[in-house]
Amino acid sequence: MTELAAYASLFLAALIAATILPMQSEAVLVGLLLTDYSPWLLIAVASVGNVLGSVVNWLIGRDLERFRDWPWFPVNEAGLERAQQWYRRYGKWSLLLSWAPVVGDPLTVVAGTLRGPFRMFLLLVTIAKVGRYLVLAAVTLKVI
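Quick caveat: nothing in here was measured; it's all calculated off a predicted structure. (Residues numbered from 1 in each chain as written. Predicted model: local features only at pLDDT ≥ 70, side-chain atom pairs only at ≥ 80, totals over all residues. Heavy atoms only, no water.)

> What exactly am I supposed to notice about the overall build of the protein here?
Each helix and strand in the protein was counted, giving six helices and zero strands. When its helices and strands are written in sequence order, the protein yields α-α-α-α-α-α. For 144 residues, the compact-globule estimate of 2.2 N^0.38 gives 15 Å, and the C-alpha radius of gyration of the protein, at 16 Å, lies within 12% of that figure. Its C-alpha atoms put the protein at 50 × 30 × 25 Å along the principal axes. Classification of the 144 residues of the protein by burial places 42% in the buried group. Put simply, 71% of the contacts in the protein that link residues at least 6 apart link residues at least 24 apart. Within the structure as shown, the protein displays about 8400 Å² of accessible surface, and the carbon and sulfur contribution to it stands at 69%. (Helix = DSSP H or I, 4+ residues; strand = E, 2+ residues; numbered from the N terminus. Rg over C-alpha atoms; globule rule 2.2 N^0.38 Å. Buried < 20%, exposed > 50% of the residue type's maximum accessible area, 1.4 Å probe, protein only. Contact = heavy atoms within 4.5 Å. Areas by Shrake-Rupley, 256 points an atom, 1.4 Å probe, with all protein chains shown as cover.)

Structure (structure tokens):
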């Protein structure tokens, strides 16, 4: 695999993994960390892809409300309201959990539906995503 293909694959895996589509980027990152690629560049590429995927979720969330009454809408009224109430209760700081499986991606969508400030969204999601990849890299490379 060429170096460009390796980084591009990691970027795409991280981007897709951060959207509501099922994908996992951690395995790709760990596999590449165990090779001769630069750990810092791998972390940067994975982080940028993962943050951009969350931005896609936020943008989807901003327009999601207008499709609420459509028959194909993926969440029922009660489920969406519950998610929004949860986000209102815990606020923007819950975005620090955007790295977490199951709850992370929906959090970024709900932040968009509630029109949370984009700069704060971007800051908190970036902290969460970069932090997760730093810990994963440190464990993989036996730094900690």
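> Honestly, unusual backbone geometry in this entry has me stumped. Any pointers?
Residues apart from glycine generally show negative phi values, whereas peptide bonds are mostly found in trans. For Arg115, which is not glycine, the phi dihedral falls at a positive 55°. Position of Arg115 relative to the elements: it lies in the loop between helix H5 (104–113) and helix H6 (118–140). In this structure, Lys142 takes a positive phi of about 55° despite not being glycine. By the secondary structure assignment, Lys142 is in the segment after H6.

> Sorry if this is basic, but what is going on with the nonpolar core here?
Generally speaking, soluble globular proteins have nonpolar side chains that are buried together. Among the nonpolar cores identified, the biggest contains 14 residues, and Leu10, Leu29, Leu32, Tyr37, Leu42 and Tyr133 are the most heavily contacted of them. At the level of elements, helix H1 (3–18), helix H2 (26–33), helix H3 (39–64) and H6 are the ones that each hand at least two residues to this core. Look past the residues within four positions of Leu29 in its chain and what remains in contact with it is Leu10, Leu42, Tyr133 and Leu136. Counting 11 residues, the second largest nonpolar core, distinct from the first, contains Val51, Trp58, Leu107 and Ala111. (Core = buried A, V, L, I, M, F, W, Y, C linked by side-chain atoms within 4.5 Å.)

> Help me understand the confidence of the model for the protein, please; the structure alone is not making it clear to me.
The predicted coordinates of low-pLDDT regions are not to be read in fine detail. Per-residue pLDDT for the protein has a mean of 90; in total, 94% of the residues score no lower than 70. The least confident element of the protein, judged by mean pLDDT, is helix H4 (residues 77–90) at 80; the most confident is H6 at 97. (pLDDT = per-residue confidence, 0-100.)

> Quick question: what am I supposed to make of H1 here?
Counting along an α-helix, one turn takes 3.6 residues, and residues three or four places apart therefore face a common direction. For H1, which comprises 16 residues, the first-to-last C-alpha distance of 23 Å matches the rise-based estimate of 22 Å (1.5 Å per residue) to within 8%. Among all positions of H1, only Ala6, Tyr7, Leu10, Ala13, Ala14, Ala17 and Ala18 are buried. Buried residues of H1, viewed axially, fall in a sector of 125°; they line one side. Each element contacted by the buried residues of H1 is listed here: H2, H3, H5 and H6. (Expected span 1.5 Å × (residues − 1). Arc of directions from axis to C-beta.)

> Honestly, the pattern of salt bridges in this entry has me stumped. Any pointers?
Side-chain pairs of opposite charge can arise whenever the charged atoms involved come near each other. Applying the stated criterion across every chain, the model contains one salt bridge. For Arg132, the salt bridge is made with Glu26, and the minimal N-O distance between the two is 3.1 Å. Of the two residues, Arg132 sits in helix H6 while Glu26 sits in helix H2, which places them 106 residues apart along the sequence. On the basis of relative accessibility, which here comes to 14%, the residue Arg132 falls in the buried class. (Salt bridge = Lys/Arg side-chain N within 4 Å of Asp/Glu carboxyl O.)

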